[in-house]
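Notes for the structure review
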Amino acid sequence: MSRADDIEIIRTTGLPSAERRHLERAVLRGQLVRIRPGVLVQQGALDDLLPEDRHHVLVRASIHRARPSDLVSHESACAVLGLPFVGPWPPKVHVCDPTSPNTRVTAWFVRHGSEHRPPLGHTRADEIAATDAARTAVDLAASRPLIHSLPVIDHVLGRGLATSTELERAAGSLRKGRTKAAVAIAMGSGLSGSPAESVCRVRFRQLGVPQPVQQHTFRRPGERTAIVDFWFPEAGVVVEVDGRGKYEDPAMLGGSTTADAHWQEKQREDFVRSFPEVRAVVRLTWADLMDPERVRPKLRRAGITCR
């Protein structure tokens, strides 16, 4: 469950005037914060939320202004459905409007006219009607850069939320962005273990590197095994994507300490390097992935050809 579900939304519309004045005084005293006209939350309630949870709260705060036929869509659907959108979260809520052919921006919403392409299905989360996973992924693939949309495509495929065929069917009626969507869907892989791995594959494409093997297993009979993110057999190079969560997130640590996690990772890398076919191990951080010019020299030094 998203942490956004725990945030109390206070709506002033329809309240008696005395109650509204009381709440307004609480805003002036800094006890409450206005996030939309007539919509308040407790001071500090959003401070520790992740950006996707903040946007989820914005959706919850705005949904009472949506029309009955509207479906939350695009990035806003990602926030509601828990899909890993990588990119800037919008300041307004995106909705799909099947009653109009035109896209309009209002004070609260970006209304995507989809009269020519009404959603074939929808889902509900947190009492919010949203486009389903396949439609959400395809809408993003058609309208957003590949580095933003591929993590969603990979997640949807990897979690079994949609098949490639279902994504292609959802993209079939696109009028704009069909080629862009086709590229993202063709690249889609259920083997990507994290959004960072998806972003890494986008960088590989941009840099023109050979196609790697995903989730390759190194094993010896009677010994441990190690599954690596990417394996370039011709170059003899392993590429691993390092996220801070591996060493800092309590859920990922599973009771181990950060020092334990570093030690286990060193032991694992030593095991991988012990295979004669492995010439080098390249580790890429999230900061590296945000700049292809940091990725290129690391790959080239290891012997992977790049443009």
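Predicted model, so just to flag it, every value in this text is computed and none were measured.

This part takes up the overall build of the chain. Looking only at helices and strands, the chain features 13 helices and 13 strands. A buried classification covers 49% of the 307 residues belonging to the chain. Taking the intrachain contacts of the chain between residues at least 6 apart in sequence as the baseline, contacts between residues at least 24 apart amount to 57%. Positive and negative side-chain charges of the chain, numbering 44 and 36 respectively, have mean locations separated by a distance of 6 Å.

Looking now at the pattern of salt bridges. Note on pairing: side chains with opposite charge can pair once their charged atoms come close. Here the structure, examined in full by the defined rule, presents 18 salt bridges. Salt-bridge contacts for Glu265 lead to Arg268; the nearest nitrogen and oxygen are separated by 3.0 Å. Of this pair, Glu265 and Arg268 both sit in helix α11 (residues 258-273), 3 residues apart, roughly one helical turn. Relative accessible area serves as the criterion here: at 11%, Glu265 is assigned to the buried category. With a relative accessible area of 15%, Arg268 lands in the buried category. With its nearest N and O atoms 2.6 Å apart, the salt bridge here joins Arg283 to Glu265.

Despite not being glycine, His74 has its phi angle at roughly 50 degrees, a positive value. As for its placement among the helices and strands, His74 is situated in helix α3 (residues 74-81). With a phi close to 55 degrees, Gln215 is a non-glycine residue in the positive phi region. Of note, Gln215 is situated in strand β10 (residues 213-219). For Gln215, a relative accessible area of 24% gives the class partly exposed.

The interhelical angle for the contact between helix α2 (residues 51-62) and α3, taken along N-to-C directions, is 105 degrees, at an axis separation of 8 Å. On the basis of their axis angle, the class for α2 and α3 is roughly perpendicular. Of the residues in α3, those touching α2 at Glu52, His55, His56 and Val59 are Glu75, Ser76, Ala79 and Val80. When the residues that make up the contact of α2 with α3 are grouped by side-chain class, the tally is 3 nonpolar, 3 polar and 2 charged.

Mapped onto the secondary structure, His112 falls in strand β7 (residues 109-113). A polar atom in the side chain of His112 sits 2.8 Å from the side chain of His94.

Another point: the packing of aromatic side chains. Counted under the stated rule, the structure contains 6 aromatic pairs. Between Phe204 and Phe230, the aromatic rings sit 5.0 Å apart at their centres with planes inclined by 80 degrees, giving edge-to-face as the arrangement. Here the residue Phe204 occupies a position in helix α8 (residues 195-207), and Phe230 occupies one in strand β11 (residues 225-232), the gap between them amounting to 26 residues. For the pair shown, Phe204 and Phe230 are each scored as buried.

What counts, and at which threshold
- Residues numbered from 1 in each chain as written.
- Predicted model: local features only at pLDDT ≥ 70, side-chain atom pairs only at ≥ 80, totals over all residues.
- Heavy atoms only, no water.
- Helix = DSSP H or I, 4+ residues; strand = E, 2+ residues; numbered from the N terminus.
- Buried < 20%, exposed > 50% of the residue type's maximum accessible area, 1.4 Å probe, protein only.
- Contact = heavy atoms within 4.5 Å.
- Lys, Arg positive; Asp, Glu negative; His and termini not counted.
- Charge placed at Lys NZ, Arg CZ, Asp CG, Glu CD.
- Salt bridge = Lys/Arg side-chain N within 4 Å of Asp/Glu carboxyl O.
- Axes fitted to C-alpha atoms, helices over the stretch in contact; angles between N-to-C directions.
- Parallel < 35°, antiparallel > 145°, perpendicular 65-115°, else oblique.
- Nonpolar A, V, L, I, M, F, W, Y, C, P; charged D, E, K, R; others polar.
- Polar contact = N/O pair within 3.5 Å; in protein donor to acceptor, adjacent residues only side chain to side chain.
- Phe/Tyr/Trp six-rings, centres within 6.5 Å; stacked < 30°, edge-to-face > 60°.

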